[in-house]
Amino acid sequence: MTTNKFIGKLLKLKGLLVVSLAFRKGNHLQIAVKPYKNGCRCQACGRRGKIIRTFSEPRWWRDVPVGGWTVWFLYYPREILCPTHGRGLEAIPWADGYVRVTYRYEYVMLRYCQLMTQKAAAQLLHIPISTLSDQLHRAIRRIRSGHRIRGLKTLGVDEIAYSKGHKYATLVYDLDRSVVVWAGEGKGRETIDKFFNSALSDYQKKAITAGCCDMSDAYIGAIRAHCPNATLVLDRFHIVKALNAAVDEVRKEQWREAVAEDRKALKGLRWLLYRHFFTRSRKDTRTLKGLEKANNRIYRAWRLKDEFEQFWEYKATWAAERFIKNWMTSTMRSRLDPMKKFVGTLRKHYSGILAFIDTRLTNAVSEGLNRIVKIVKNRASGFRTLNAFTDMIYLVSGDVDIPAQISPRFRIL
Ligand SMILES: [Zn+2]
């Protein structure tokens, strides 16, 4: 085996031949390569063409780093004449058109970014993080280009903040597959209309049987307007959030009215009142029981909230309906205004809330998505740009398995 063949085998270089090697300052390994079997193939049809000229400037491609070396491919591409497609640059087997990194590199980069932070991925790939973001964006955009949504039956719509500066994106989910099919800037009717008008055909809109969203008029209105056959389901998380906000409103009222010594008993209640009974400790239960005497209004608000949890457990719509009617009656008698206001919300969205019982639909999509949302919340500024955010969304929970779109012979992880 010659040295060049050995290097080719060691680095698992397929579809190309090693011509020569050079080690350069700064831990760079340059490998002059050429396409296996002399190349000269047309980019469009793959047939062999006649060489017109060889470019005098070499092109460089970044490959996956090995043993601490940053690896570069070097080649002088040729312009060829295809009998069908005319003049053009020959096909480069190891990289897409004018991309300056190899397919192998793209595959590794995409997989790393699925598994770890971009900062860690950039370190392993020996590049600055800004370069990684650019490369990632270009690869994802290319791989997803021409993508069509398929088989969408249950749709979810949600708004999500991607930056602390109140920048919002609208995400559309395929709830049967728990994936994101579309992401767009903004959170209003205009954004969601853009999705329906650009991403779905009329036939596809008619095929949608259920749509899940929050209680905003924008999303409800859009689903009603575009999906004639869809049952509207309101997202459980948003209803619970509205109920929690009502309980918290009662707490705040009491806090404002309380004198200094009574405030002590109300300290640290905020998160406890939110807590679901599954995650409540014994001490929590004692504190809440103590509230019955310490502050009866907060206690009653919390009790009502706690009772409401039952609603989600019902399997039959008629039983759930009986429950919610009783609950609304007792809440209206509670003399707690924020809670009564919540009953108003329930009445307004009655059918959409009840539709959960039959469909069991919520917008809780994938673990991957939760991870991204956590990054937004933990980082000081979230994602600076919408592109950086949607790239990560598509990569970890999109409807296209992006690394799998790269040919198996370049998947070296
Ligand atoms: Zn051709």
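Residues take numbers from 1 onward in each chain, read along the sequence in its written order. With the structure being a predicted model, the display of local features is reserved for residues of pLDDT at least 70 and the display and counting of side-chain atom pairs for 80 or more, all residues being used for whole-chain, interface and lining totals. Derived side-chain values reflect all non-hydrogen atoms in the structure, with water molecules and hydrogen atoms excluded from consideration.

Q: So what exactly am I meant to see when it comes to the overall build of the protein here?
A: Helix and strand counts for the protein come out as 17 helices and twelve strands. When the backbone C-alpha atoms are referred to their principal axes, the protein occupies close to 85 × 50 × 35 Å. Areas reported as accessible are Shrake-Rupley estimates using a 1.4 Å probe. Residue values count occlusion only from the protein chains shown. As presented, the protein carries roughly 22200 Å² of accessible surface, and 52% of it is formed by carbon and sulfur atoms. Only four residue types enter the charge count: Lys and Arg as positive, Asp and Glu as negative, with His and the chain ends excluded. Where a charge sits is defined by one atom per residue type, namely NZ (Lys), CZ (Arg), CG (Asp) or CD (Glu). Between the averaged position of the 74 positive side-chain charges in the protein and that of its 37 negative side-chain charges there is a distance of 8 Å. Strands are runs of DSSP state E lasting at least 2 residues, helices are runs of H or I lasting at least 4, and numbering of each runs from the N terminus.

Q: How should I be thinking about the coordination of the zinc ion in this particular structure?
A: Reference values for coordination geometry: four tetrahedral donors around a metal ideally subtend 109.5 degrees, six octahedral donors ideally subtend 90 or 180 degrees. For Na, K and Ca the donor cut-off is 3.2 Å, while for other metals it is 2.8 Å, and in both cases only N, O and S atoms qualify; water is not among them, so sites may look incomplete. Within the protein, the atoms that donate to the zinc ion are C42 (SG), C45 (SG), C82 (SG) and H85 (ND1), at distances of 2.1 to 2.3 Å. Taken together, the four donor atoms surrounding the zinc ion define angles of 106 to 114 degrees at the centre, an arrangement classified as tetrahedral. Counting residues between consecutive donors of the zinc ion along the chain gives the motif C-x2-C-x36-C-x2-H. Here the residue C42 occupies a position in the loop between β2 (28–35) and β3 (50–54), and C82 occupies one in strand β6 (residues 78–82), the gap between them amounting to 40 residues. For the pair C42 and C82, a shared accessibility class is recorded, and that class is buried. For four-coordinate sites, all angles between 85 and 135 degrees define a tetrahedron; for four- and six-coordinate sites, opposite donors beyond 155 degrees with the remaining angles between 65 and 115 define square planar and octahedral shapes respectively, and all other cases count as irregular. Exposed residues in this analysis have more than 50% of their type's maximum accessible area, buried residues have under 20%, and partly exposed residues fall in between, with area computed by a 1.4 Å probe over protein chains only.

Q: Would you explain the pattern of salt bridges in this entry?
A: Pairing between side chains of opposite charge can happen when the charged atoms of each approach one another. Salt bridges are defined as contacts in which a side-chain nitrogen from Lys or Arg sits within 4 Å of a carboxyl oxygen from Asp or Glu. This structure, assessed with the given rule, holds 19 salt bridges. Across the salt bridge formed by R256 and E249, the nearest N and O atoms sit 4.0 Å from each other. Looking at R256, the relative accessible area reads 54%, which means it is exposed. Judged by its relative accessible area of 31%, E249 falls in the partly exposed class. When salt bridges that share partners are traced, they join R53, E79 and R87 into one network.

Q: Looking at this structure, how should I read the sheet that holds β2?
A: Pairing between sheet strands relies on hydrogen bonds along the backbone, with the strands arranged either parallel or antiparallel. Read from one edge to the other, the open sheet built from four strands follows the order β1-β2-β5-β4, with strand pairing classed as mixed. Two strands lie at the open edges of the sheet, namely β1 (16–24) and β4 (59–62), each paired on one side alone. Strand-to-strand, the axes of this sheet are offset by a mean angle of 30 degrees, without reference to chain direction. Strand direction decides the pairing type here: β1 and β2, joined by eight bridges, are antiparallel. What sits directly across from R24, in β2, is H28. Any two strands are treated as partners once DSSP identifies two or more bridges connecting them. Angles run from 0 to 180 degrees between N-to-C directions of axes, and those axes are lines fitted to C-alpha atoms, restricted for helices to the stretch in contact.

Q: I'm lost on the pairing of strand β7 (residues 86–89) in this one. Help?
A: On any regular strand, side chains alternate: one points to one face of the sheet, the next to the other face. With four bridges joining them, β6 and β7 adopt antiparallel strand pairing. Its bridge partner being in β7, I80 is matched across the sheet by G88. Linking β6 back to β7 in an antiparallel pair, the connection comprises three residues.

Q: Would you mind showing me how to read the sheet that holds β7 here?
A: Strand order in the open sheet formed by three strands is β3-β6-β7, and the pairing between neighbours is antiparallel. A strand with exactly one partner marks an edge of an open sheet, and here the two such strands are β3 and β7. On average, each strand axis in the sheet is tilted by 25 degrees relative to the strand beside it, whichever way the strands run. Inspection of the sheet shows β3 paired to β6 by four bridges, in the antiparallel sense.

Q: So what exactly am I meant to see when it comes to helix α14 (residues 337–348) here?
A: For the α-helix, the turn length of 3.6 residues means that residues three or four positions removed from each other point alike. For α14, spanning twelve residues, the distance from its first C-alpha to its last is 17 Å, which sits close to the expected 16 Å at 1.5 Å a residue. Lining the buried residues of α14 we find α8 (236–257), α12 (296–308), α13 (317–332) and α15 (350–359). For a helix, the expected span equals 1.5 Å multiplied by the number of residues minus one. Here, two residues are considered to be in contact whenever any of their heavy atoms come within 4.5 Å of each other.

Q: How do you make sense of the side chain of Q254 when you look at a structure like this?
A: With respect to the helices and strands, Q254 occurs in helix α8. In this structure Q254 comes out as buried when scored by relative accessible area, which is 11%. With residues near it in sequence (within four places) discarded, Q254 still touches L266, N295, R297 and I298.

Q: What is the right way to read unusual backbone geometry from this model?
A: For residues other than glycine, phi is negative in most cases, and the peptide bonds are mostly trans. Unlike most non-glycine residues, S178 shows phi in positive territory, near 55 degrees. With a phi close to 60 degrees, R335 is a non-glycine residue in the positive phi region. Structurally, R335 can be placed in the loop between α13 and α14.

Q: Can you walk me through the packing of aromatic side chains in this structure?
A: Geometrically, a pair of aromatic rings is defined through the distance of the ring centres and the angle of the planes. The pairing test for Phe, Tyr and Trp rings, Trp by its six-membered ring, is centres within 6.5 Å, and the orientation test on the planes gives stacked under 30 degrees, edge-to-face over 60, and tilted for anything in between. Applying the stated criterion to the full structure yields 19 aromatic pairs. Plain terms: the ring middles of W182 and F195 are 5.4 Å apart, the flat faces sit at 55 degrees to each other, and that makes the pair tilted. Of this pair, W182 sits in strand β10 (residues 179–185) while F195 sits in helix α5 (residues 189–199), and the two are 13 residues apart along the sequence. When sorted by exposure, W182 lands in the same class as F195, which is buried. On the numbers, 6.0 Å between centres and 85 degrees between planes, the contact of F308 with F342 is edge-to-face. Remark: F342 occurs in helix α14 and F308 occurs in helix α12; sequence separation between them is 34 residues. F308 sits in the buried class, given a relative accessible area of 2%. Note on criteria: charge over ring means Lys NZ or Arg CZ within 6 Å of the ring centre, with the direction from the centre no more than 35 degrees off the ring normal. Positioned above the aromatic ring of Y394, the side-chain terminus of R144 is 3.6 Å from the ring centre. The ring of Y168 is capped by K187, whose NZ or CZ atom sits 4.1 Å from the centre of that ring.

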